[in-house]
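# Structure assessment
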Amino acid sequence: MRGSAKFGAGSMLLAAALAALPATSGAHAASEATEATKVLLFSAPMTSDGSDVPEAAISIGACLTAATEVLGPNAFDSCADQNVGPVPESGKAPGYLQLTDAGEYRSGAAILNQALPNEGGIEVTFAQYQYGGTGADGISFFLVDGETDLTETGAVGGSLGYAQHGDSPGVDGGYLGLGLDAWGNFSADTEGRGTGCDAEHRAPEHLQVALNRAPDTVALRGPGQGTEGYCLLATTATDEKIGEYGGGDIYGTELPGDLRAETLADAKRLVKLKVTDGEHPTVTVDLNFLEGEGWQRALETTMPFAAPDTFKIGFASATGGATDVHLIRHLRVETFE
């Protein structure tokens, strides 16, 4: 089954659902979720040689830096053949999930084709590392309807494996995409992103102009199917122009810290994504930059659709002419009872 009908009915249904969003943020549901007991659904430290990778997990060009065997492009194997730039030492534990090295035009993803129950909301935490290159493109984490057969990601480049890019479709059955976007295209409705979305859920006008971007931003995109939807729900991008690059304008961000660093030692950032229970869930994104400030709220928004009963999950990343090393560690997925 290719996702749920509520995600694939085209732009008219999508626009109608977006227009029906409630005016309030669902704070009551968020409060209830906070007080509820957490139940662990899935944990993946990603620090080992891959011997504990679940059968339902699929690598699409990703690797494990602690692994010692090179098995092929779609196995969670050694990163010895993906070693451009200052990547972690291959075969050394504890390691990382490496989505890309610092080579140009790389992409990598790790997806879990196993449905996880959503009993009363969901909370996802992980550590992300972006470093060692020239700041592109970024990392996405995404949720899809659990009825989807999740075997591939969406378009890469600035769409970060979640949204569409021109004629290339977004991830099948997409529900929510979180972009940790060093380069700054995930917040922009260029390259086909934003198709079928109403005016309230399009990028601001200055980010609908080709080549304009907003670096170092966190953004959320909503449900989509094929080449329609994946609408921008929230972004830390601002309307302050801070520079120019390659014929486009560069805009600022409200993020209180940098998503990336120059070295692995300085690159660790903790990420927490929470989706509450309820007809129109509240979504919050918090980051910990490990500078003594603890968790800091980056985004809060309301989803245009009720969450599905089950989720499947994935990470994706890409580089372009500009690059970075992209790593993940210590994924935890919890629900509430």
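Residues numbered from 1 in each chain as written. Predicted model: local features only at pLDDT ≥ 70, side-chain atom pairs only at ≥ 80, totals over all residues. Heavy atoms only, no water.

### Digging into the pairing of strand β14 (residues 248-253)
Here strand β13 (residues 237-245) pairs with β14 via five bridges, running antiparallel. Of the residues in β14, the one forming a bridge with Lys 241 is Tyr 251. The turn linking β13 back onto β14 is made up of two residues, and Gly 246 within it adopts a positive phi angle of 55 degrees. (Pairing = 2+ DSSP bridges. Helix = DSSP H or I, 4+ residues; strand = E, 2+ residues; numbered from the N terminus.)

### Side note on the layout of surface pockets
If you add up the space inside the largest pocket, you get close to 340 Å³. What lines the largest pocket is a set of 22 residues, among which Phe 42, Ala 44, Met 46, Pro 54 and Ala 57 lie closest to the centre. Elements supplying a minimum of two residues to the lining of the largest pocket: β1 (38-44), β5 (107-117) and β18 (310-318). A class-by-class count of the residues in the lining of the largest pocket yields 17 nonpolar, four polar and one charged. Considered as a void within the structure, the second largest pocket measures approximately 190 Å³ in volume. For the second largest pocket, the lining is made up of 13 residues, of which Asp 137, Trp 183, Asn 185, Gly 320 and Gly 321 are closest to its centre. (1 Å grid on protein atoms, 1.4 Å probe; cavity = no way out; pocket = protein on both sides within 12 Å on 5 of 7 lines; lining within 4 Å. Points joined across faces, edges and corners; volume = space filled by probe spheres on them. Nonpolar A, V, L, I, M, F, W, Y, C, P; charged D, E, K, R; others polar.)

### Some words on the environment of Ala 127
Within the element layout of this structure, Ala 127 appears in strand β6 (residues 121-131). Here Ala 127 falls in the buried class, since its relative accessible area comes to 2%. Along the primary structure Ala 127 and Arg 332 are separated by 205 residues, whereas in three dimensions their C-alpha atoms are 9.9 Å apart. For Ala 127, the contacting residues outside a window of four places in its chain are Lys 268, Arg 269, Leu 270, Leu 327, Ile 328, Arg 329 and His 330. (Buried < 20%, exposed > 50% of the residue type's maximum accessible area, 1.4 Å probe, protein only. Contact = heavy atoms within 4.5 Å.)

### Some remarks on a negative patch on the surface
The grouping of Glu 119, Glu 147, Asp 309 and Glu 337 at the surface amounts to a negative patch. Here Glu 337 lies in the segment after β19 (325-336). Residue classification places Glu 337 among the exposed positions, given a relative accessible area of 65%. (Patch = residues over 30% accessible without salt bridge, like charges linked within 9 Å, V, L, I, M, F, W, Y side chains within 5 Å. Areas by Shrake-Rupley, 256 points an atom, 1.4 Å probe, with all protein chains shown as cover. Salt bridge = Lys/Arg side-chain N within 4 Å of Asp/Glu carboxyl O. Lys, Arg positive; Asp, Glu negative; His and termini not counted. Charge placed at Lys NZ, Arg CZ, Asp CG, Glu CD.)

### A look at the side chain of Thr 319
In this fold, Thr 319 is placed in the loop between β18 and β19. By relative accessible area, Thr 319 is classed as buried at 5%. Among the polar contacts listed, one links the side chain of Thr 319 to the backbone oxygen of Gly 103, at a separation of 2.7 Å. One polar contact links the side chain of Thr 319 to the main-chain amide nitrogen of Arg 106, over a distance of 2.8 Å. Each residue touching Thr 319, except ones within four places of it in the same chain, is listed here: Thr 100, Asp 101, Gly 103, Glu 104, Tyr 105, Arg 106, Ala 136, Asp 137, Asp 324 and His 326. (Polar contact = N/O pair within 3.5 Å; in protein donor to acceptor, adjacent residues only side chain to side chain.)

### What about the state of the cysteines?
In a disulfide, the sulfur atoms of two cysteines are covalently bonded to one another. Taken as a whole, this structure holds two disulfides when the rule is applied. Here Cys 63 connects covalently by a disulfide to Cys 79, the sulfurs 2.0 Å from one another. Torsion about the S-S bond of the Cys 63 and Cys 79 cystine: about 115 degrees, corresponding to right-handed handedness. Of this pair, Cys 63 sits in strand β3 (residues 63-64) while Cys 79 sits in the loop between β3 and β4 (97-100), and the two are 16 residues apart along the sequence. Residue class for Cys 63 comes out buried when judged on its relative accessible area of 0%. (Disulfide = S-S within 2.5 Å.)

Interpretation note: all reported values are geometric properties and have no functional meaning in isolation.
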